[in-house]
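Close look at the chain arrangement
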Amino acid sequence: MSAGDKKKPALSPTQRNIVAGAIAGVTEVLVMYPLDVVKTRLQLQTASSSQQYTGVGNAFRTIVKQEGFFSLYRGIISPILAEAPKRAAKFTFNELYKGLLVGKEGKLVGWKYAAAGSLAGMSEALINCPFEVVKVRMQAKENLALYRSTTDAALGLLKKEGPLALYQGLESQLWRNGVWNGAYFGIIPIVKQTIPVAPGSSETWRNFLAGFIAGTVATTLNTPVDVVKSTLQKGGKEYAGRWTFPLLVDLARQEGPRALFKGYVPRILRLGPGG
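First, a word on scope: everything that follows refers to the structure included in this document. All values derive from a computational prediction rather than experimental measurement. (Residues numbered from 1 in each chain as written. Predicted model: local features only at pLDDT ≥ 70, side-chain atom pairs only at ≥ 80, totals over all residues. Heavy atoms only, no water.)

1. With respect to the overall build of the protein chain
As a reminder, the rule being used: Strands are runs of DSSP state E lasting at least 2 residues, helices are runs of H or I lasting at least 4, and numbering of each runs from the N terminus. The atom set for the radius of gyration is the C-alpha atoms, and the globule formula is 2.2 Å times the number of residues raised to the power 0.38.
Secondary structure assignment for the protein chain yields 9 helices and 0 strands. When the elements of the protein chain are put in sequence order from the N terminus, they spell out α-α-α-α-α-α-α-α-α. A globule of 275 residues ought to have a C-alpha radius of gyration of about 19 Å, and the protein chain, at 20 Å, matches this closely. Overall, the protein chain is about 70 × 40 × 35 Å in size when its C-alpha atoms are taken along their principal axes.

Written out as structure tokens, the structure is:
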């Protein structure tokens, strides 16, 4: 067989990463989505809310008892539809920014991994924001009688509030994605350098540990802006035109600093292992 007859790989490494990431992402959504519903309910709960959840377990039991089991999957179509394009965007932009940031030696140093990840995450937010808005609208308890389905929510938003409604909370989502991806992609190489692997040994356990540590730290750092993102994307005239950091200050002042970490436990349970 001549050199010209050799078969080329069906997919490039980047394409394989995108496909594998999309499959893993959809699987993670299917398994972990109930935690995301509970997270959003806890984040949107205020002192004046008619329904007061006392914790993650209580939220699960109350939702199932009052609304039925399938309410834990309300709005799941939106993140499933978003998974492939957002993964493609993240990996593509990450490779692009790494290429732009690479030094003369052809290698990236730690902070450049973080910078590339942060920029990729923020670029991904531009694509994923409409899906997030529809998801949060579906998850909010106040909207149970308002939207029958994900399609109904999306069309209702467009009809009543206009196309820009699909980008409510975009600034907060840019911060959330930037912080999470910057921390995640910045910590991964540090952990891998810190924990050596014997020659010939599998790196699977180290990769899992690195992802778990990076995912946990990243989730901890970006939870406050995720609370603001959910608050803004739920909609409501009281939050129209609000910016992330002034709203963070107001939430902390009105409800106490702990309010900035509402929904933290279900986020860690989902995004720590998910990392």
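2. Concerning the side chain of arginine 270
Definition in use: Contact criterion: two residues are considered in contact whenever any of their non-hydrogen atoms come within 4.5 Å of each other.
As for its placement among the helices and strands, arginine 270 is situated in helix 9 (residues 264-274). Excluding its chain neighbours within four sequence positions, the residues that come into contact with arginine 270 are Glu28, Val29, Met32, Leu35 and Asp36.

3. Observations concerning the packing of aromatic side chains
Operational definition: In this scheme Phe, Tyr and Trp rings, the latter by its six-membered ring, pair at centre separations within 6.5 Å, and the angle between planes marks the pair as stacked below 30 degrees, edge-to-face above 60, and tilted otherwise. Buried means the residue's accessible area, taken with a 1.4 Å probe over protein chains only, is under 20% of the maximum for its type, while exposed means over 50%, and partly exposed covers the values in between.
Considering all chains together, one arrives at 9 aromatic pairs under this definition. Aromatic pair phenylalanine 69 and tyrosine 73: ring centres 5.9 Å apart, planes at 50 degrees, arrangement tilted. Taking the relative accessible area as the measure of exposure, tyrosine 73 reaches 26% and is therefore partly exposed. Seen in terms of ring centroids, tyrosine 184 and phenylalanine 185 are 5.3 Å apart; in terms of plane orientation they differ by 90 degrees. Their pairing is edge-to-face.

4. Let's talk about the packing of helix 4 (residues 110-139) against helix 7 (residues 204-233)
Here is the rule we go by: Note on definitions: angles span 0 to 180 degrees between N-to-C directions of axes, and those axes are lines fitted to C-alpha atoms, for helices only across the stretch in contact. For classification purposes, angles smaller than 35 degrees are called roughly parallel, those larger than 145 roughly antiparallel, those between 65 and 115 roughly perpendicular, and all remaining angles oblique. We call Asp, Glu, Lys and Arg charged. Ala, Val, Leu, Ile, Met, Phe, Trp, Tyr, Cys and Pro are nonpolar, and the rest, Gly among them, are polar.
Direction vectors running N to C along helix 4 and helix 7 enclose 75 degrees, while the axes themselves pass 9 Å from each other. With respect to their mutual orientation, helix 4 and helix 7 come out roughly perpendicular. Across the interface between the two elements, Cys129, Glu132, Val133, Val136 and Arg137 from helix 4 touch Lys229, Ser230 and Gln233 from helix 7. Here the contact of helix 4 with helix 7 is built from residues that sort into 3 nonpolar, 2 polar and 3 charged.

5. Thoughts on helix 3 (residues 77-101)
Since there are 3.6 residues in each turn of an α-helix, residues three or four apart along the chain are aligned in direction. What counts is decided by this rule: Helix span is expected to be 1.5 Å times the residue number reduced by one. In this scheme, the bend at a residue equals the angle between the axes fitted to the seven residues that finish there and the seven that begin there.
Helix length check: helix 3 (25 residues) gives 36 Å between terminal C-alpha atoms against 36 Å at 1.5 Å per residue, within 8%. At glutamate 83, helix 3 is bent by approximately 40 degrees, the largest bend along its length, and proline proline 85 sits one to four residues beyond. Taken together, the buried positions of helix 3 are occupied by Ser78, Pro79, Ala82, Glu83, Ala89, Lys90, Asn94 and Tyr97.

6. Things to note about a nonpolar patch on the surface
Selection rule: Patch criteria: residues need more than 30% relative accessible area and no salt bridge. Like-charged residues are merged within 9 Å; nonpolar side chains of Val, Leu, Ile, Met, Phe, Trp and Tyr are merged within 5 Å. All accessible areas in this document rest on Shrake-Rupley with a 1.4 Å probe, and a residue is counted as covered only by the protein chains that are shown. Only one rule defines a salt bridge in this text: a Lys or Arg side-chain nitrogen within 4 Å of an Asp or Glu carboxyl oxygen.
Taken together, the side chains of Phe208, Phe212, Ile213, Val217 and Leu221 present a nonpolar region at the surface, about 450 Å² in accessible area. Within the fold, leucine 221 resides in helix 7. Judged by its relative accessible area of 53%, leucine 221 falls in the exposed class.

7. A few points about the environment of glycine 241
Its location among the elements puts glycine 241 in the loop between helix 7 and helix 8 (244-255). Sequence spacing of glycine 241 and glutamine 168 is 73 residues, and the spatial spacing of their C-alpha atoms is 9.0 Å.

8. Considerations on helix 5 (residues 150-161)
Counted only if it meets this: Throughout, the arc means the angular range of directions from the helix axis out to the C-beta atoms.
In this model helix 5 runs 16 Å from its N-terminal to its C-terminal C-alpha over 12 residues, within 8% of the 16 Å that 1.5 Å per residue would give. Considered for burial, the residues of helix 5 that qualify are Thr150, Asp152, Ala153, Gly156 and Leu157. Take helix 5 and look down its axis: the buried residues cluster within an arc of 155 degrees, on one side only. Away from its buried face, by an angle of more than 90 degrees, helix 5 presents the exposed residues Thr151, Leu155 and Lys159. On its buried face, helix 5 is in contact with helix 3 and helix 4.

9. Observations regarding the packing of helix 3 against helix 4
Operational definition: Handedness of a crossing follows from how the near helix is turned relative to the far one, being left-handed for an anticlockwise turn of less than a right angle and right-handed for a clockwise one.
Two elements in contact, helix 3 and helix 4, have axes whose closest approach is 8 Å; the angle formed by their N-to-C orientations is 155 degrees. As the angle between them shows, helix 3 and helix 4 are arranged roughly antiparallel. Here helix 3 runs over helix 4; the crossing is right-handed.

That's the geometry; what it means functionally is another story.
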